[in-house]
Amino acid sequence: MKNTLKLFSAIAVISVLYIGFSAANADAGKANCDAYIYVSNNSLFEINLTIDGFPSGNLLVGKSKTYTINLANDQGKRIKVKAEYQDPDYIDPKAITYVTKQKVECGGSDSVFVAFSK
């Protein structure tokens, strides 16, 4: 009885270790991962955002939001954020493109602070 209990406990420990390590290795085989960019609108205008070529909605005055970017092949890259606003003095909207200072890696983040004023 004592040997059977030791055998079952050894099998349980080995199973837990095997499942834990195989879950960690499964994440390493993924082709994509996520990075994050924090955008803060400190300007006098509501802005429309385009992040890496994809429309990402608008951001109200004085608001901030964190966006998730999918990085293909686990490669770090610089993120382009295009902030477009409607200036009341002009018919066409004005836009500025921001680029992150460094390459954003998997699980990493960077910040962009937008501040348009008259």
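That block above? That's the structure.
Residues numbered from 1 in each chain as written. Predicted model: local features only at pLDDT ≥ 70, side-chain atom pairs only at ≥ 80, totals over all residues. Heavy atoms only, no water.

Asker: Please provide a residue-by-residue account of the pattern of salt bridges, values included.
Answerer: Inspection of the entire model under this criterion finds one salt bridge. Between D52 and K77 there is a salt bridge; the shortest N-O distance is 2.9 Å. Placement of D52 in the loop between β2 (47-51) and β3 (54-59) and of K77 in the loop between β4 (64-72) and β5 (80-85) is noted, with a sequence separation of 25 residues between them. According to the relative accessible area criterion, D52 is partly exposed, its value standing at 22%. (Salt bridge = Lys/Arg side-chain N within 4 Å of Asp/Glu carboxyl O. Helix = DSSP H or I, 4+ residues; strand = E, 2+ residues; numbered from the N terminus. Buried < 20%, exposed > 50% of the residue type's maximum accessible area, 1.4 Å probe, protein only.)

Asker: So what about the nonpolar core? Which residues, and what values?
Answerer: Soluble globular proteins tend to pack their nonpolar side chains together in the buried interior. One finds I37, I47, L49 and I79 to be the most contacted residues of the largest nonpolar core, which totals 20 residues. Taken together, the elements giving at least two residues each to this core come down to β1 (32-41), β2, β4, β5 and β7 (109-114). The greatest single-element share of this core, amounting to four residues, is contributed by β1. The contact partners of L49, leaving out residues within four places of it in the chain, are V39, F54, P55, S56, G57, L59, Y67, V81, K82 and A83. (Core = buried A, V, L, I, M, F, W, Y, C linked by side-chain atoms within 4.5 Å. Contact = heavy atoms within 4.5 Å.)

Asker: Describe the pairing of β1, naming the residues involved and giving the relevant values.
Answerer: Relative to β4, β1 runs antiparallel, the two sharing nine bridges. Counted as the bridge partner of Y38 is T66 from β4. Sheet topology note: the β1/β7 ladder contains six bridges and is parallel. Along β7, the bridge assignment pairs Y36 with S109. (Pairing = 2+ DSSP bridges.)

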